[in-house]
Amino acid sequence: MEYRDSDLFMPTSRIETLVDGIFAIAMTILVLNLAVPSINGPVTSASFQSAVYSIWPDVLSFVLSFVLLGVFWNIHHRTFHQIEKVDKILLWINMIWLLFIVLVPFSNTLTGGDYGQFPLAHFIFNLNMLGIAVFLSLNWFYAVRRGLIHKKVDPVRISIYKWVYMSFILITLLAMGFSFIIPHWSSIVYILIIPTEYLIERQMKS
């Protein structure tokens, strides 16, 4: 029996469409974790102000998670511009990656509200980020190894991408370590992703 190329590979557009849909849902669900503060007793300006201040950890967690999801979506989008076709293994690498993406609203909830003071809550969130970083890296490493990227992609760019993705893993590992030292501020290290993404932007335009 003769197999056609379409039987062995999938167009990248199918993965990109799925990714867009799941990211849109995950980023929307994040806001559902923000609840209007309840006030016990008479509602006064002071009590309302106190109630609003009480939800700032939830707001901070929401903003951080939303921005990180935006960054990961953008990087995945740009990565798939370099990939020509998708085989079965690359498909499942992306499926497992999306599993970690849809877990973000859950792990984000743990870092705010009633559990934000516990190091384990922040560790779980950062562990979630590690899973995203690892499978995003694996996505590129596997595509390169199996020759699934476009032939026009410069080998220098391929090498730089590898170091960029490895840096994501190191950043998340650093955040995991800080989870037990400065839990509430452990996620501050994710600001390092911004210059890393900028490096990708420059490489894409070069």
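Along every chain, residues carry numbers that run from 1 in the direction the sequence is written. Only residues with pLDDT of 70 or above have their local features reported here, since the model is predicted, and side-chain atom pairs are shown and tallied only from 80 upward, although totals for entire chains, interfaces and linings are computed over all residues. Water and hydrogen atoms were dropped before computing side-chain values, which therefore reflect all heavy atoms in the structure.

Going by an unreviewed UniProt entry, the chain carries the name DUF1211 domain-containing protein and comes from Methanobacterium bryantii. UniProt, in the comment section headed Sequence similarities (unreviewed entry), describes the chain in these words: "Belongs to the TMEM175 family." UniProt positions are given in the numbering used here, feature names are shortened, and annotations may be inferred rather than shown by experiment.

A. Local environment of the packing of aromatic side chains. Each Phe, Tyr or Trp ring, with Trp reduced to its six-membered ring, pairs with another whose centre is within 6.5 Å; inter-plane angles below 30 degrees give stacked pairs, above 60 give edge-to-face pairs, and intermediate values give tilted ones. Tallied over the full model, the rule gives 10 aromatic pairs. In this structure an aromatic cluster arises from ring pairing among Phe-72, Trp-140, Tyr-161, Tyr-165 and Phe-168.

B. Up close: the UniProt feature "transmembrane region" (unreviewed entry) in the chain. On the UniProt side, "transmembrane region" (unreviewed entry) is annotated at positions that read residues 21–39, 59–77, 89–108, 120–142 and 163–182 here. Where helices and strands are cited, they refer to DSSP runs of H or I of at least four residues and of E of at least two residues respectively, numbered from the N terminus. Each end of residues 120–142 is marked by a C-alpha atom, and these two atoms are 32 Å apart; helix forms 100% of the span and strand 0%.

C. Just the packing of helix 4 (residues 56–80) against helix 5 (residues 88–102), in detail. The geometry of helix 4 relative to helix 5 is characterised by a closest axis approach of 12 Å and an angle of 165° between their N-to-C directions. Taken together, the axis directions place helix 4 and helix 5 in an arrangement best described as roughly antiparallel. For helix 4 against helix 5, the interelement crossing comes out left-handed. Residue-level contacts link Leu-69, Phe-72, His-76 and Phe-80 of helix 4 to Asn-94, Trp-97 and Ile-101 of helix 5. Axes, fitted as lines to C-alpha atoms, cover a helix only where it is in contact. Angles between the N-to-C directions of the axes lie from 0 to 180 degrees. When an angle is under 35 degrees it counts as roughly parallel; over 145 it counts as roughly antiparallel; between 65 and 115 it counts as roughly perpendicular; any other value is oblique. A clockwise turn of the near helix away from the far one marks a right-handed crossing, whereas an anticlockwise turn of less than a right angle marks a left-handed crossing. Here, residues are in contact when the closest pair of their heavy atoms is within 4.5 Å.

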